Amino acid sequence: MTHRNHVIPMEIAPGHSTYLMKFVANGPFFIPVTLFSRAAHQKRDYDEQLSFGAYLGVVLAILGYNLFIFISTREWAYLFYFCHTATFGFVLFGLHGFGAQYLWPESPLWNVRSVLFLCFLSVFWALWFSSSFNQVSRSHRFLWKSYVYWSPLAWVLAVASLLRDDAWMWILAEVYLFCSYLLIYGTGLWSLFRGKRQARFFVMGWSVFLVFLVLEAFMVADIVSFENYSYQYLWFASLTELIVLSLALADRFNILKTENQQAQREILDQRKRIARDLHDSIGSEISSVIVGLQRVPEPIT
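Our subject in this report is the structure included herewith.

A word on the overall build of the chain
So, step 1. Of the regular secondary structure elements, the chain holds nine helices and zero strands.
So, step 2. For the chain, the N- to C-terminal ordering of α and β elements is α-α-α-α-α-α-α-α-α.
So, step 3. The burial tally for the chain puts 36% of its 301 residues in the buried class.
So, step 4. Excluding contacts between residues fewer than 6 apart, the proportion of contacts in the chain whose partners are at least 24 apart in sequence is 74%.
So, step 5. Counting every atom, the chain has about 18900 Å² of accessible surface; 65% of that belongs to carbon and sulfur.

Structural data, given as structure tokens:
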């Protein structure tokens, strides 16, 4: 049966039946085995596709908005956020089987390894989005070096994930992702404590994402179970993060706009003061010259 998930049609005879199933994978995986009637399965599949379509519509709207703002302002934070959102969207696209169904149906190996590969790229762009958004510069030596030396490791691990797909690779990915998000979250707190108002929504967005990342780690360790919602909760986490971080970017844009307007007003006031002082000075000099000329005695004829 053609479907994005593993769907097995079954004819169940009346009475008691026993079915044995064997699952093999190189890394952590979730098997929410559910028995549906054909009508119930079609309804569930329709609801899931409708939900994912709504999610995809919101993501595309956010992508288009941030790309437009980047083209208008040339602020790199918007481009980094665009890349992070796009790559993470493809991660969810692959996790839910839409990639195998629509994008690369003839590439089962890429379908398996693309999830980790795109995860690492998503983190890479998230790191540089955090650095740009929070205005981490060379003067902040520790943070600057942390981003410079930590972020390229994402590309190394991304390439390694294409060559090797086993449990150790997944464990390494979990560790790298968790440490990266801690760095991002810590940078947001650092920016917030420095009095940067735009860091408020940034910290809120990544707080939500970190909570769901911890829940995922508990799920992998079999500490908690989401039964049939092993992946669906990622939709909510991603959508919440996207909306809150978009608010953070909008707030940052408004703050920068206000600061630029304030700077322009200060420059204009300074020019007015200079013009006024210059006018007073020149007027005083001219007055002195006129008074001096008036005191000069007229020539005797």
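So, next bit.
A look at the nonpolar core
So, step 1. Residues Phe120, Phe129, Tyr181, Phe202 and Trp206 are the most contacted members of the largest nonpolar core, which totals 52 residues.
So, step 2. Among the elements of the structure, α1 (38-73), α2 (76-95), α4 (108-133), α5 (141-150), α6 (152-163), α7 (167-193), α8 (199-220) and α9 (232-295) are those that each provide at least two residues to this core.
So, step 3. At 13 residues, the largest contribution of residues to this core is made by α4.

Details of the packing of α2 against α4
So, step 1. Where α2 meets α4, the closest approach of the two axes is 8 Å, and the angle between their N-to-C directions is 160 degrees. Here α2 lies roughly antiparallel to α4, going by the angle between them. Pair α2 / α4 crosses with left-handed handedness. Note on element contacts: α4 touches α2 through Asn111, Val115, Leu118, Cys119, Leu121, Ser122, Trp125, Ala126, Trp128, Phe129, Ser132 and Phe133, opposite Trp76, Ala77, Phe80, Tyr81, Cys83, His84, Thr87, Phe88, Phe90, Val91, Gly94 and Leu95.
So, step 2. Among the residues making up the contact of α2 with α4, the classes are represented as 18 nonpolar, six polar and no charged.

Quick look at the side chain of Ser180
So, step 1. With respect to the helices and strands, the residue Ser180 is situated in helix α7.
So, step 2. A polar atom in the side chain of Ser180 sits 2.8 Å from the side chain of Trp150.
So, step 3. In this structure, Ser180 is in contact with Val123, Leu127 and Trp150, ignoring residues within four places of it in sequence.

Some remarks on α1
So, step 1. Relative to the 52 Å expected for 36 residues at 1.5 Å per residue, α1 spans 52 Å between its end C-alpha atoms, a close match to the ideal helical length.
So, step 2. Just beyond α1, the residue with positive phi is Arg74, at close to 60 degrees.

So, the packing of aromatic side chains
So, step 1. Evaluation of the coordinates by the stated rule reveals 14 aromatic pairs.
So, step 2. Judged by centre distance (6.1 Å) and plane angle (25 degrees), the ring pair of Phe80 and Trp125 falls under stacked. Of the two residues, Phe80 is situated in helix α2 and Trp125 in helix α4; the sequence distance between them amounts to 45 residues.
So, step 3. Phe80 sits in the buried class, given a relative accessible area of 15%.
So, step 4. Geometrically, the ring pair formed by Phe124 and Trp155 is edge-to-face, given 5.6 Å between the ring centres and 75 degrees between the ring planes.

Calculation criteria
- Starting from 1, residues in each chain are numbered consecutively following that chain's sequence as written.
- For a predicted model such as this one, the threshold for reporting local features is a pLDDT of at least 70, and the threshold for listing and counting side-chain atom pairs is 80 or more; totals across whole chains, interfaces and linings nevertheless cover every residue.
- Excluded from the side-chain calculation are hydrogens and water; included are all heavy atoms of the structure.
- Strands are runs of DSSP state E lasting at least 2 residues, helices are runs of H or I lasting at least 4, and numbering of each runs from the N terminus.
- Residue exposure (1.4 Å probe, protein chains only): buried if accessible area is under 20% of the type maximum, exposed if over 50%, otherwise partly exposed.
- The contact rule is simple, with two residues in contact once any of their heavy atoms fall within 4.5 Å.
- Note on areas: Shrake-Rupley with a 1.4 Å probe; residue coverage comes only from the protein chains shown.
- Nonpolar cores were defined as sets of buried Ala, Val, Leu, Ile, Met, Phe, Trp, Tyr and Cys residues, with membership established by side-chain atoms within 4.5 Å.
- Geometry is summarised by axes, namely lines fitted to C-alpha atoms with helices restricted to the contacting stretch, and by angles between N-to-C directions that run from 0 to 180 degrees.
- Should an angle fall under 35 degrees it is taken as roughly parallel, and over 145 as roughly antiparallel, whereas 65 to 115 is taken as roughly perpendicular and any remaining angle as oblique.
- Note: crossing handedness is left-handed where the near helix turns anticlockwise from the far helix by less than a right angle, and right-handed where it turns clockwise.
- Residues are grouped as follows: Ala, Val, Leu, Ile, Met, Phe, Trp, Tyr, Cys and Pro are nonpolar; Asp, Glu, Lys and Arg are charged; all remaining types, including Gly, are polar.
- Definition of a polar contact: a pair of N or O atoms within 3.5 Å, with one able to donate and the other able to accept a hydrogen when the atoms are protein atoms, and with sequence-neighbouring residues admitted only if both atoms are side-chain atoms.
- Here a helix's expected span is defined as the number of its residues, less one, multiplied by 1.5 Å.
- Aromatic contacts are taken between Phe, Tyr and Trp rings whose centres are within 6.5 Å, Trp giving its six-membered ring; a plane angle under 30 degrees counts as stacked, one over 60 as edge-to-face, and the others as tilted.

Spatial relationships are all this shows, so hold off on functional conclusions.
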